[in-house]
Amino acid sequence: MATGFDGRAVKATLVLMIVTFYFMTSSITKFRPSHQENIPQITPKRYNRNSFSPYATVDPESRDCHMMYTSNSCSVLPNFFTHPQARSEYSQSDPVIDFVHLAKTGGDTMRLCLRTLAERQGLRKPLAVDSDECSLFETLTNRTVYDIRDIDVIYGHKANGICELMNYEGSAQKCSSFTILREPFERMTSHYFYLRQRATNGEMTDNVNAQESKRLPIERWAIQAGSEMRNKFFASVDLRSCRNGTEGRQMEPLATFNNETFIQDIVDNFDRHFSVVGLTSEYSATLKILQRVYGLPFYDVCDELQINKGNYDNKTDTSMQQLKKDAILRLKSDARVRELLDIDVKIYERARELFQKQVDIMNELT
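Counting from 1, residues in each chain are numbered in the order their sequence is written. Per-residue local features of the predicted model are confined to residues with pLDDT of at least 70, and side-chain atom pairs are confined, for both listing and counting, to 80 or more; whole-chain, interface and lining totals are unaffected and use all residues. Excluded from the side-chain calculations are hydrogens and water; all other atoms, namely the structure's heavy atoms, are used.

Draft legend 1. Structural context of helix H15 (residues 318-333). Per the convention used, a helix needs a DSSP run of H or I reaching at least four residues, while a strand needs a run of E reaching at least two, with both numbered from the N terminus. Here the expected length of a helix is defined as 1.5 Å per residue gap, with one fewer gap than residues. With 16 residues, H15 should cover 22 Å at 1.5 Å per step; its first-to-last C-alpha distance of 23 Å lies within 8% of that length. Met 320, Gln 321, Lys 324, Ala 327, Ile 328 and Leu 331 are the residues of H15 that are buried. Projected down its long axis, H15 shows its buried positions confined to an angular sector of 120 degrees, all on one face. Those residues of H15 that are exposed and angled more than 90 degrees off the buried face are Thr 318, Lys 325, Leu 329 and Ser 333. Residue contacts follow a heavy-atom distance rule, with two residues in contact if any of their heavy atoms lie within 4.5 Å. Buried residues along H15 sit against helix H7 (184-200), helix H9 (218-225) and helix H16 (335-340). The classification of residues rests on relative accessible area computed with a 1.4 Å probe and restricted to protein chains. Under 20% of the type maximum is buried, over 50% is exposed, and intermediate values are partly exposed. This arc is taken over the directions from the axis of the helix to the C-beta atoms.

This is how it looks when you write it as structure tokens:
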């Protein structure tokens, strides 16, 4: 009898514990603060977050929204022309315009264009993102200080991925990124002569690449300067260094950088991240494409703008043009430089394909 009684008591105790646990958890769910109830609990598929870095590198095979595998959200709209299913979002979501500036591609002219458009069209002053300072990024990623919804236009050398850094879970704000690319060997040569001229004039004294351009031949300088596209498109933003007392954020190369399949996948899916891909050699046509996508008078207002075209890039100076041609040949003849710019060349060739598709589809739509 005692054994049977003990068994019944144990069962009763277990039932009581289960019922108590049920009501406790129900109460916790029921009485969550109201401000949390109003925020959609979104966990983007296949993306991981941690308390230090809004970006997390993800296995290429697990890509969901982005070709770079580094964003924590799906906030960036794909190419307007090659992804027709997303076109309605351009008008419905009123996306933030994000211009990713690569050196010596006409980017300073585009910045002037965006500032001019903002002033004339009643947009808020563009946010320039050119610094690696932790204070800037900690401010931008602090929801109580800065919100992506307070911005109309972003531009800068460090603007790639900034929308994901600022776009918080639960926000419906979209971002539309565009960039302008230039033939890699030509861009590298133009950058070299531009920096060398400014350094010779006593400018940019704190810029290592500028000062080195005065003493190094272009081949050695190019290797030291590195690949512009690798730095922009093949890196994961990591803010954890800011918590460790360093002066700036880090651009960590993706772990799979040397994987040829991974690289080709990024090249193939370039239009999944950029709403518009422009070309320096087709600048006027690029402005027309931007005007069609955003409904702003890019071409009408900005086609005549040109800045930073000094003697280093003056087509009427035959001696300089010959220097540049010789420099390009030297770069292309150097095996180390060819290897360095291999990814840049692949991305540029893909950009040329996309550009022609954009033009063709735009003509069909008009």
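The discussion continues.
Draft legend 2. Region of interest: the environment of Ser 93. With respect to the element layout, Ser 93 can be found in the loop between helix H3 (87-92) and strand E1 (96-100). Spatially, the C-alpha atoms of Ser 93 and Cys 175 are 8.9 Å apart, while their sequence positions differ by 82 residues. The contacts of Ser 93, once residues within four sequence positions are left out, are Leu 77, Gln 173 and Lys 174.

Draft legend 3. Here's a closer look at the state of the cysteines. We call a pair of cysteine sulfur atoms a disulfide when they lie within 2.5 Å. Evaluation of the coordinates by the stated rule reveals one disulfide. Each sulfur of the disulfide joining Cys 113 and Cys 302 lies 2.1 Å from the other. Handedness of the Cys 113-Cys 302 disulfide follows from its S-S torsion of about 80 degrees: it is right-handed. With Cys 113 in helix H4 (residues 107-121) and Cys 302 in helix H14 (residues 298-302), this residue pair connects regions lying 189 residues apart in the sequence. On the accessibility criterion, Cys 113 (1% relative accessible area) is buried.

Draft legend 4. Just the nonpolar core, in detail. Counting residues in each nonpolar core, the largest one holds 47 residues, and the members touching the most others are Met 110, Phe 178, Leu 181, Phe 233, Phe 298 and Ile 347. With nine residues, the single largest contributor to this core is helix H17 (residues 342-365). Within this scheme, the nonpolar core is defined by two criteria: the residues are buried Ala, Val, Leu, Ile, Met, Phe, Trp, Tyr or Cys, and they are joined through side-chain atoms within 4.5 Å.

Draft legend 5. Here's a closer look at the pairing of strand E3 (residues 153-156). Residues Val 153 and Tyr 155 point to one face of E3 and Ile 154 and Gly 156 to the other, with burial holding for every one of them. We treat two strands as partners when DSSP finds at least two bridges between them. Strand direction decides the pairing type here: E1 and E3, joined by four bridges, are parallel. Counterpart to Asp 98 in the pairing with E3 is Ile 154. When strand E2 (residues 127-128) meets E3, the two strands line up parallel, connected through two bridges.

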